[in-house]
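Chain by chain, the residues:
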Amino acid sequence: MSYQHIVVPTEGEKITCLGDPQCVPDHPIIAFIEGDGIGRDIMTASKRIWDAAVEKAYGGARQIAWMEIYAGEKAAGLYNGDYMPAETFDALREFVVGIKGPLTTPVGGGFRSLNVTLRQELDLYACIRPVQWYKGVPSPVRRPEDVDVVIFRENTEDVYAGIEYAAGTPENEKLARFLREELGAEFFEGSGLGIKPISAFGTKRLMRSALRYAIDRGRRSITIVHKGNIQKYTEGAFRNWCYEVAREEFPEQTITEDELWEQYNGQAPEGKIVIKDRIADIMFQHMLLRPTEFDVVVAPNLNGDYLSDAIAAEVGGVGIAPGANIGDHVALFEATHGTAPKYTDQDKVNPGSLMFSGVMMLEWLGWGDAAEMIARAYEKTLEQKIVTYDFARQMANANEVSTSAFATALIRNLDA
Ligand code: NAP
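Residues numbered from 1 in each chain as written. Predicted model: local features only at pLDDT ≥ 70, side-chain atom pairs only at ≥ 80, totals over all residues. Heavy atoms only, no water.

Across all of its chains, the model carries 12 aromatic pairs by this definition. Here the aromatic rings of Phe 152 and Tyr 213 are separated by 5.2 Å at their centres, their planes lie at 70°, and the arrangement is edge-to-face. Residue Phe 152 is located in strand 5 (residues 148–154), and its partner Tyr 213 is located in helix 6 (residues 200–216); the two are separated by 61 residues in the primary sequence. We classify Phe 152 as buried; its relative accessible area is 1%. You can call Tyr 213 buried: its relative accessible area is 11%. For the ring pair Phe 333 and Trp 364, a centre distance of 6.4 Å and an interplane angle of 70° mean the geometry is edge-to-face. Here Phe 333, found in strand 13 (residues 331–335), pairs with Trp 364, found in helix 11 (residues 352–365); they are 31 residues apart in sequence, far enough to count as distant. These aromatic residues form a ring-pair network of at least three members: Tyr 134, Phe 356, Tyr 378 and Phe 406. Taking the ring centre of Phe 95 as reference, the NZ or CZ of Lys 14 above it sits at 5.8 Å. The residue whose ring lies beneath Arg 62 is Tyr 58, and the NZ or CZ to ring-centre distance is 4.7 Å. (Phe/Tyr/Trp six-rings, centres within 6.5 Å; stacked < 30°, edge-to-face > 60°. Helix = DSSP H or I, 4+ residues; strand = E, 2+ residues; numbered from the N terminus. Buried < 20%, exposed > 50% of the residue type's maximum accessible area, 1.4 Å probe, protein only. Lys NZ or Arg CZ within 6 Å of the ring centre and 35° of its normal.)

Below, the structure is given as structure tokens:
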């Protein structure tokens, strides 16, 4: 395919499929979106770290061929005001794996979230967020090392489907009339109205990917988080459909929490994943008080969104939490925080979230040695108390450095 502004690197090769390291050549072309605000600083620093680790781990036998693609303000400058050019989607479909910095979304008007558009257009239905603590990271809890969960958040439906009608519009009035007159619904005059679709299809494919992940990585339990006591036919149905997938498609590998106690006296047999569920509000409390009880977590879109940031706070906050949006054909790894516009181009912020998203990407490519090397060098750098401003304000005697200097220090520690 030919592109208007995207330059395909001549020295790289395409990744041909997702989820199988056999499909990854030694010089894969990987697409990146720099991002708005602090995006430029963290992308520059992170690419230096990933490249250095790959070089170190494979002695030049493997190398990423970076291909810049565009979204957000940089795209608008290049494509005549278009913040999300069609060729960005085409390139991600063609090259399969990408990584992105944060993108600006205006609140309460303007254009639709670029992040949500990317996830929906490319059908990236699973938002995966591993949350674990790295030694030395300042944390507000006493035992951050107890937190080690991977959140699978549904990424395409729920209230994010964008089916919303502003109060006072003809569409809103039509829907309000239908709800009142045809279905007997009662609500205040002049309400804004939104629809929350949750389907068996959307839920089951998410649960399937969480189960495959848990099986591949030897995880011990999956907790379905929902608000099904109140929203019975959306969140409650989500819970039921998740159990259905485990029961019908993975009967050999799973047991329910009830079976765990009734048949196994609370001790899961080797190779069995325990499937349990928790109502969302108590889950927030349990994640703080008893984090060791949770392993893989599966949640609908909005609850998953809240829960991911809340759990990330226990191990150092969104400044270092990584994430990925993954479908059946495309994977897009991304920093989980926003554009922090007040720090734009100040070379100041923590590159950790994007950097660890890249670590996740390296693991996904089957390049685990490079991924592991970065994680170890990160801990070493923190041990030396070399940190960006956000961690420096929570640590005694920290050596506060810029984004780029942090990357330099970490790269130096790849040797260690
Ligand atoms: P934000 O950009 O995440 O920033 C909130 C605060 O979090 C910052 O002021 C800063 O805290 C801290 N922070 C964020 N990134 C950091 C980093 N790398 N290192 C250290 N601290 C960091 O959230 P926001 O201000 O609510 O949103 C700004 C814009 O980003 C909005 O347009 C929003 O829509 C967009 N957004 C995009 C994404 C995405 O692209 N995936 C996600 C969320 C938000 P201090 O002020 O305490 O230093």
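In this section: the state of the cysteines. In this structure the tally under the stated criterion is 1 disulfide. Across the disulfide from Cys 17 sits Cys 23; the S-S distance is 1.9 Å. The chirality of the disulfide connecting Cys 17 with Cys 23 is right-handed, given an S-S dihedral of about 85°. Residue Cys 17 is classed as partly exposed on the basis of its relative accessible area, which comes to 25%. Judged by relative accessible area, which is 13%, Cys 23 ranks as buried. We note that Cys 127 lacks a disulfide partner, and the nearest cysteine sulfur, in Cys 242, lies 15 Å from it. Residue Cys 242 is classed as buried on the basis of its relative accessible area, which comes to 0%. (Disulfide = S-S within 2.5 Å.)

Before going further, it helps to examine the environment of Lys 204. Looking at the secondary structure, you find Lys 204 in helix 6. Taking the relative accessible area as the measure of exposure, Lys 204 reaches 17% and is therefore buried. Residues within four places of Lys 204 in sequence aside, it is in contact with Trp 241, Glu 244 and Val 245. (Contact = heavy atoms within 4.5 Å.)

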